[in-house]
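Observations on the model geometry
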Amino acid sequence: MRARQGHLLSEWRALAAHAREMKSASLRGLFGSDHGRAGRMSLEAAGLYLDYSKHIATDETLRLLWALAEARGLRSETARMFGGEKINATEKRPVLHVALRERRDVGITVDGKDVMPGVRGVLAKMAAFSGAVRSGEWKGASGRRIRNVVNIGIGGSDLGPAMAYEALKPFSDRSLTVRFVSNVDGTHISEAIRDLDPAETLFVVASKTFTTQETMTNAETARDWVLRAFADRKAVARHFVAVSTNAKEVAAFGIDASNMFEFWDWVGGRYSMCSAIGLPVMIAIGADNFGMMLDGFHAMDRHFAEAPLERNMPVILGMLGVWYSNFLGAETHAVLAYDQYLARFAAHLQQVDMESNGKQTSRDGRRVKWNTGPVVWGEPGTNGQHAFYQLIHQGTRLVPADFIGFCRSRNPVGDHHDKLMSNFFAQTEALAFGKTKEEVVAEGVRRKDAPHRVFDGNRPTSTILADELTPFTLGALVALYEHKVFVQGVIWNIFSFDQWGVQLGKTLAGRILKELQSGDIVLDHDGSTAALLRRYLERRRKAPG
Ligand code: G6Q
């Protein structure tokens, strides 16, 4: 982390020195000597309660982290994002997902134009359309009502809405079947439509660019399927709507301009679930619930924009992540949600975080000399406990983890929820405080077997506890992580809102596809790739078995 003169920022150096002192700190010791710790290191915002006391951090650690955040200009960078400045510098665009959930009657100006009337207009159009689908007023080409909605999109045009649909299933109209197709593997679309009736199926083709290979291939296959049933191109207008920024390509596909839901280039794909990209979610849960999800996002946006750094949830999580990644050697970050409805939450966060902060070039174009975004991963609890938690408890790596849980279940059957939550609390306690050799021996284990059963503890966790998983809570939770990622991008001095690696992927395969289609390997491939291509071309023609 360098200041302008090329020297490490003094705040960075102070943290490095402090990290050396903290090597001997233990959570047992920190809690033992400070009974006010849990009360002090916790806060509530937008319906979420965060306990961050089980971190290898003292008041001094936090003071140094806030000083680094100040030195990196976090407050002014945040104001620049909310103000619509072009902080996505490599693409020369503002970053305004916060405008999509701005619930107050205020304007936000981009290039001299207020974007809010457009945002409200699209939300109103989405509400009218989803209402018509839900009520049966919107009919398919043969006059039957729509019973199935299939979203076709990938990356940011899939993961957010797919995650939110899963999360908010209890709020959805269960008479509608809602599916998400993303993979260009023909298996995905085939399995998604095999038991559906085209006369009752609506496809939402979601693509910011409307040129993404996977999405367009799946959309064309879906269109063929509908046209096989109707043999009339006019049917496309009743069975397809588009969510895009590219009106020209949408029209070329055959989708009526009035069935296109617009969004804007200042909405990044992975930050787009509050835009028209959320249409399948709104169809499933209705406009009112969708509005409550936006309220939750907005509540966390306001908290992030207004709370002081030391009482600011995204800042706290973001700066603790910096502490572990850059000063204590952590390489990964686990997100462990104790709620089956959040089964896709880690997958969505993975994109939000890793596509945003998986960067090696600093804002001034030089190679960074510090670690940037961690590997983000996770599965819902308690499943992970029977799989990978072993490594978190007793492995050689430091894996900071977020535990997300709820006081009330949407499915209060028997004592399931107390059992779920007893695991939730027990895990963070065990990770923090471990079990000493003496404790193991006192349980009757032979001294020579004891080392295998010792748990060092000192495994840091954040606990996020909310009352219930509702549209509002989900919005607040997603916004919390979006802003955490923003905080870290500012500290690491990288551009969080471009994704050149994704763009590379979009062009690479095209060259090889031509060879596979012609059966001729004409490009100058390395030996390994050429041999693999030859084998594929030769064997794909053979009948199985
Ligand atoms: C997200 C990325 C990427 C994008 C997909 C789909 O931030 O840009 O994941 O969302 O590649 O792109 P389209 O929406 O343009 O099809």
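To start, this report covers the structure provided alongside it. (Residues numbered from 1 in each chain as written. Predicted model: local features only at pLDDT ≥ 70, side-chain atom pairs only at ≥ 80, totals over all residues. Heavy atoms only, no water.)

Remarks on the pattern of salt bridges
Note the following rule: Salt bridge, as used here, is a side-chain nitrogen of Lys or Arg placed within 4 Å of a carboxyl oxygen of Asp or Glu. Using a 1.4 Å probe on the protein chains alone, a residue whose accessible area is under 20% of its type maximum counts as buried, one over 50% counts as exposed, and one in between counts as partly exposed.
Taken as a whole, this structure holds 30 salt bridges when the rule is applied. With a shortest N-O distance of 3.7 Å, arginine 93 and glutamate 91 are connected by a salt bridge. Here arginine 93 falls in the partly exposed class, since its relative accessible area comes to 23%. According to the relative accessible area criterion, glutamate 91 is buried, its value standing at 18%. Across the pair glutamate 166 and lysine 169 runs a salt bridge, and its minimum N-O distance is 3.3 Å.

With respect to the sheet that holds strand β5 (residues 148–152)
Rules: For two strands to be treated as a pair, DSSP must find at least two bridges joining them. Per the convention used, a helix needs a DSSP run of H or I reaching at least four residues, while a strand needs a run of E reaching at least two, with both numbered from the N terminus. Simply put, an axis is a line fit to the C-alpha atoms, just over the touching stretch for a helix, and the angle between two N-to-C directions goes from 0 to 180 degrees. Whether two residues are in contact is decided by their heavy atoms, any of which lying within 4.5 Å being enough.
Spatially, β6-β5-β7-β8-β9 is the arrangement adopted by the five strands of the open sheet, whose pairing is parallel. Looking at the sheet topology across the chains shown, the edges are occupied by β6 (177–181) and β9 (260–262). Ignoring strand direction, the axes of neighbouring strands in this sheet form an average angle of 20°. Taken together, the five bridges between β5 and β6 define a ladder with parallel strand orientation. Bridging across to β6, asparagine 148 finds its partner in threonine 177. Sheet strands in contact with helix α7 (residues 116–135) are β7 (201–206), β8 (240–244) and β9, and its direction is about 145° off that of β9. Strands in contact with helix α13 (residues 279–306) are β5, β6, β7, β8 and β9; relative to β7, the strand with the most contacts, it is inclined by about 140°.

A closer look at the sheet that holds strand β13 (residues 461–466)
Sheet strands line up and pair through hydrogen bonds in the backbone, either parallel or antiparallel. Judged by pairing direction, the sheet is mixed, and its six strands sit side by side in the order β1-β2-β13-β12-β10-β11 without closing on themselves. Edge positions in the sheet fall to β1 (42–45) and β11 (375–377), since each of these pairs with one other strand and no more. On average, each strand axis in the sheet is inclined to that of its neighbour by 15°, with strand direction left out of account. Of the strand pairs in this sheet, strand β10 (residues 332–337) and strand β12 (residues 401–406) are connected by four bridges, and their pairing is parallel. Paired with leucine 336 across the two strands is phenylalanine 403, which belongs to β12.

Remarks on the packing of helix α5 (residues 74–82) against helix α20 (residues 471–492)
Our working definition: For this classification, under 35 degrees means roughly parallel, over 145 means roughly antiparallel, 65 to 115 means roughly perpendicular, and everything else is oblique. Take the far helix as your reference; a near helix turned counterclockwise from it by less than a right angle gives a left-handed crossing, and one turned clockwise gives a right-handed crossing. Note on residue categories: nonpolar means Ala, Val, Leu, Ile, Met, Phe, Trp, Tyr, Cys or Pro, charged means Asp, Glu, Lys or Arg, and polar means any other residue, Gly included.
Where α5 contacts α20, the axes come no closer than 10 Å and their chain directions differ by 125°. One way to sum up the angle between α5 and α20 is to call them oblique. Note that α5 runs across α20; the crossing there is right-handed. Where α5 approaches α20, its residues Leu74, Glu77, Thr78, Met81 and Phe82 are matched on the opposing element by His483, Phe486, Val487 and Val490. Tallied by class, the residues present in the contact of α5 with α20 amount to six nonpolar, two polar and one charged.

Considering the nonpolar core
Here is the rule we go by: For this analysis, a nonpolar core means a set of buried residues of the types Ala, Val, Leu, Ile, Met, Phe, Trp, Tyr and Cys, connected via side-chain atoms within 4.5 Å.
In this structure, Trp323, Leu342, Phe345, Ile404 and Leu474 are the most contacted members of the largest nonpolar core, which totals 123 residues. In terms of residue count, the dominant contributor to this core is α20 (13 residues). If we ignore the near neighbours within four places in the chain, the residues touching phenylalanine 345 are Met163, Val335, Ile404, Leu477, Val478 and Tyr481. Counting residues in each nonpolar core, the second largest holds 24 residues, with Ile189, Ile193, Ala219 and Met260 among its members.

What about the site of the ligand?
Stated precisely, the cut-off is as follows: The cutoff for a nearby residue is simple: one of its non-hydrogen atoms must lie within 4 Å of the molecule or strand. Definition of a polar contact: a pair of N or O atoms within 3.5 Å, with one able to donate and the other able to accept a hydrogen when the atoms are protein atoms, and with sequence-neighbouring residues admitted only if both atoms are side-chain atoms. Per-residue and other accessible areas follow the Shrake-Rupley method at a 1.4 Å probe size, with only the shown protein chains counted as cover for residues.
The ligand sits among 15 residues. The nearest are Ser157, Ser207, Thr209, Thr212 and Gln351. Contact between the ligand and serine 207: an oxygen atom at 2.6 Å from a side-chain N or O atom of the residue. Glutamine 351 is positioned such that a nitrogen or oxygen atom in its side chain is 2.7 Å from an oxygen atom of the ligand. For the ligand, whose unbound accessible area comes to 410 Å², protein coverage reaches 92%.

So, the packing of aromatic side chains
Formally: Aromatic pairing here means that ring centres of Phe, Tyr or Trp (its six-membered ring) are within 6.5 Å. Orientation follows from the plane angle: under 30 degrees is stacked, over 60 is edge-to-face, and everything else is tilted. Geometrically, a charge over a ring is one whose NZ (Lys) or CZ (Arg) sits within 6 Å of the ring centre while staying within 35 degrees of the ring normal.
Tallied over the full model, the rule gives 24 aromatic pairs. Look at phenylalanine 424 and phenylalanine 425: their rings are 5.1 Å apart centre to centre, the planes differ by 80°, and that puts the pair in the edge-to-face class. Pairwise contacts between aromatic rings join Tyr338, Trp377, Phe388, Tyr389, Phe403, Phe424 and Phe425 into one cluster. Just above the ring of phenylalanine 261 sits the side chain of lysine 125; from NZ or CZ to the centre is 5.1 Å. The ring centre of tryptophan 138 lies 4.0 Å from the NZ or CZ of arginine 238, which sits over that ring.

Any functional reading would require information beyond the geometric quantities listed.
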